Amino acid sequence: MTTHPFLDLAPLSAQHFASIEERVAGLLSTSQDVVIMQGEALLPLEGCIRGAARPGTTALNVITGPYGQTFGNWLRDCGATVVDLAVPFHTAVTAEQVREALAAHPEIDFVSLVHAEAATGNTNPVAEIGEVVREHGALFMLDAVASVAAEPLLPDAWGVDLCVIGAQKAMGGPAGVSAVSVSERAWARLAANPQAPRRSYLSLLDWKERWIDGGRKALLHAPAQLEMLALEACVERIEAEGLDALMARHATAAAATRAGAIALGGGLSPYVHEARDAAPVATTLRAPEGVDASTLVAKALAADPVLPLVAGGGALAKEMIRVNHYGPDATRGVVHASLAALGAAMGEAGLAVDLEAARRAVTAAWQ
């Protein structure tokens, strides 16, 4: 029998698992407890909501993309009264809008927000919103899956009680493992909720009581070893590059994609109107009038199937194109190639494009 680098690995010890948690906490600059959960980030996101919400909870759920809609559904499933604050997907929510919603509903005791919505290409001003939520006194849950390692993320400084991250986007790591930082306020809220999951894969309290309070000596179950090792490797890679350098690379990729798309012409335009509202992990573009976005993306990918291009999801499939420049794809070469492929597909559709102008704009932004 031959060995394989993915098989026949030595067991992952509790000490090793805890050391990876500690490095993830360092990435977040947090002194809060960090729990690594053995699944994609929807696991801790749902665990946070089902742990914190119950009948009697009034939640402000900010919707700037599809994940905000999902959070509202979970909150209602828990019996919470939900106040949805929805803004157009081409923009971001403001701290003043959050302040007005909290003032109109002083009973709100839970706020859920997505930092960066990769699906719609916008990002929200969490630092300012966190200050408003803290003044109000509500528990604050943040989905930072797309923003972590791409833009500043400071859960402690911003008053975030539950901050969920995933490794599969800007971190350039595995999708099968995720993490959440939990404040003391959040632990108290979960412990006081008789509906909070216990003896369940969704249970954060199980991790608290059996792992953290037990001194991190015995894991709840066999760890997802390959994913944990991949998470450790991607954190090592981030540490080697430097978090500031990694965030700068994402910001440059976003600026270059936006500038290149505008210069390309042909009716292609940024979907998110203001550059300040645009997420650094993905640039969304509005397809030219009368052109189906999914058809355009399919033509571009036929020339180069590995490009990080995708049409918008659901109702956005006909009008939105997304360039996913995150992790290893946050490079000038990927941005150049993505816009060149889109430009070629647009040219085939009879649209007048300027590939050289797009190339120059990308190069200028990168410099």
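Residues numbered from 1 in each chain as written. Predicted model: local features only at pLDDT ≥ 70, side-chain atom pairs only at ≥ 80, totals over all residues. Heavy atoms only, no water.

(A) Highlighting the overall build of the chain. Of regular secondary structure, the chain possesses 13 helices and 13 strands. Relative to its length of 367 residues, the chain is compact, with a C-alpha radius of gyration of 21 Å against a globular reference of 21 Å. Overall size of the chain, expressed as C-alpha extent along the three principal axes, is 65 × 65 × 35 Å. In the chain, which comprises 367 residues, the share counted as buried stands at 54%. Counting contacts in the chain only where the partners sit at least 6 residues apart, residues at least 24 apart contribute 70% of the total. (Helix = DSSP H or I, 4+ residues; strand = E, 2+ residues; numbered from the N terminus. Rg over C-alpha atoms; globule rule 2.2 N^0.38 Å. Buried < 20%, exposed > 50% of the residue type's maximum accessible area, 1.4 Å probe, protein only. Contact = heavy atoms within 4.5 Å.)

(B) Seen up close, unusual backbone geometry. Here serine 29, not a glycine, exhibits a phi torsion of approximately 50°, which is positive. In this fold, serine 29 is placed in the loop between helix H1 (14–27) and strand E1 (33–37). Positive phi outside glycine occurs at arginine 216, with the angle close to 55°.

(C) Fine view of a nonpolar patch on the surface. Together, Phe6, Leu7, Leu9 and Leu226 line one region of the surface with nonpolar side chains, adding up to about 380 Å² of accessible area. Turning to its location among the elements, leucine 226 is positioned in helix H9 (residues 225–241). You can call leucine 226 partly exposed: its relative accessible area is 40%. (Patch = residues over 30% accessible without salt bridge, like charges linked within 9 Å, V, L, I, M, F, W, Y side chains within 5 Å. Areas by Shrake-Rupley, 256 points an atom, 1.4 Å probe, with all protein chains shown as cover. Salt bridge = Lys/Arg side-chain N within 4 Å of Asp/Glu carboxyl O.)

(D) Expanded view of helix H11 (residues 293–303). Every buried residue of H11 is listed here: Ala293, Leu296, Val297 and Ala300. Taken down its axis, H11 places every buried residue within 95° of arc, on the same side. For H11, the elements touching its buried residues are strand E12 (309–311), strand E13 (320–323) and helix H12 (332–348). (Arc of directions from axis to C-beta.)

(E) Structural context of the sheet that holds strand E10 (residues 269–270). Read across the open sheet, the four strands follow the order E10-E11-E13-E12; overall the sheet is antiparallel. Two strands close off the open sheet at either side, each with one partner strand: E10 and E12. As defined by bridge partners, E10 adjoins strand E11 (residues 283–286) across two bridges and the pair is classed as antiparallel. Each bridged residue has a counterpart across the sheet, and for proline 270 the counterpart in E11 is leucine 285. (Pairing = 2+ DSSP bridges.)

(F) Structural context of the sheet that holds strand E4 (residues 110–114). As summarised here, the arrangement of the seven strands in space is E1-E9-E8-E7-E4-E2-E3, forming an open sheet in which the pairing is mixed. At either end of the open sheet lies a strand with only one pairing partner, and these are E1 and strand E3 (81–86). Going from strand to strand, the sheet's axes swing by 15° on average, the running direction of each strand aside. Across five bridges, the pairing between E1 and strand E9 (residues 178–182) is antiparallel. The residue of E9 that forms the bridge with valine 34 is serine 181. Here H1 sits on the sheet and contacts E1, strand E8 (162–166) and E9; the angle it forms with E1, its principal contact strand, is near 120°. (Axes fitted to C-alpha atoms, helices over the stretch in contact; angles between N-to-C directions.)

(G) The arrangement of the UniProt feature "domain: Aminotransferase class V" (unreviewed entry) in the chain in detail. Annotation from UniProt places "domain: Aminotransferase class V" (unreviewed entry) at residues 74–251. A distance of 32 Å separates the end C-alpha atoms of residues 74–251, which is 40% helix and 17% strand. (UniProt positions renumbered as here; feature names shortened; annotations may be inferred.)

(H) Spotlight on the packing of aromatic side chains. Across all of its chains, the model carries four aromatic pairs by this definition. An aromatic cluster is present here, built from Phe17, Trp207 and Trp211 joined pairwise through their rings. (Phe/Tyr/Trp six-rings, centres within 6.5 Å; stacked < 30°, edge-to-face > 60°.)

(I) Broad picture of the pattern of salt bridges. Across all of its chains, the model carries 21 salt bridges by this definition. Residue arginine 23 is joined to glutamate 239 by a salt bridge in which the shortest nitrogen-to-oxygen separation is 2.6 Å. Here arginine 23, found in helix H1, pairs with glutamate 239, found in helix H9; they are 216 residues apart in sequence, far enough to count as distant. Since its relative accessible area comes to 27%, arginine 23 is described here as partly exposed. Using a relative accessible area of 45% as the deciding quantity, one classes glutamate 239 as partly exposed. The partner of glutamate 356 in a salt bridge is arginine 359, with the nearest N and O atoms 2.6 Å apart.

(J) Representation of the nonpolar core in the model. Ranked by size, the top nonpolar core spans 95 residues in total, and within it Leu60, Ile165, Met171 and Leu231 carry the most contacts. Within the second largest apolar cluster, 26 residues are counted, among which are Ala253, Ala287, Leu307 and Val335. (Core = buried A, V, L, I, M, F, W, Y, C linked by side-chain atoms within 4.5 Å.)

(K) Just the pairing of E13, in detail. By the alternation rule, side chains of E13 split into Met320 and Arg322 and Ile321 and Val323, which are all buried. Bridge analysis of E12 against E13 gives three bridges, and the strand direction is antiparallel. The residue of E13 that forms the bridge with leucine 309 is valine 323.

(L) Quick look at the pairing of E9. Among the five residues in E9, five count as buried, and that is most of the element. A two-sided burial pattern is seen for E9, the buried positions comprising Ser178, Val180 and Val182 on one face and Ala179 and Ser181 on the other. Two elements, E8 and E9, share five bridges in a ladder whose sense is antiparallel. Residue isoleucine 165 lies in a different strand from E9, and its bridge partner there is alanine 179.

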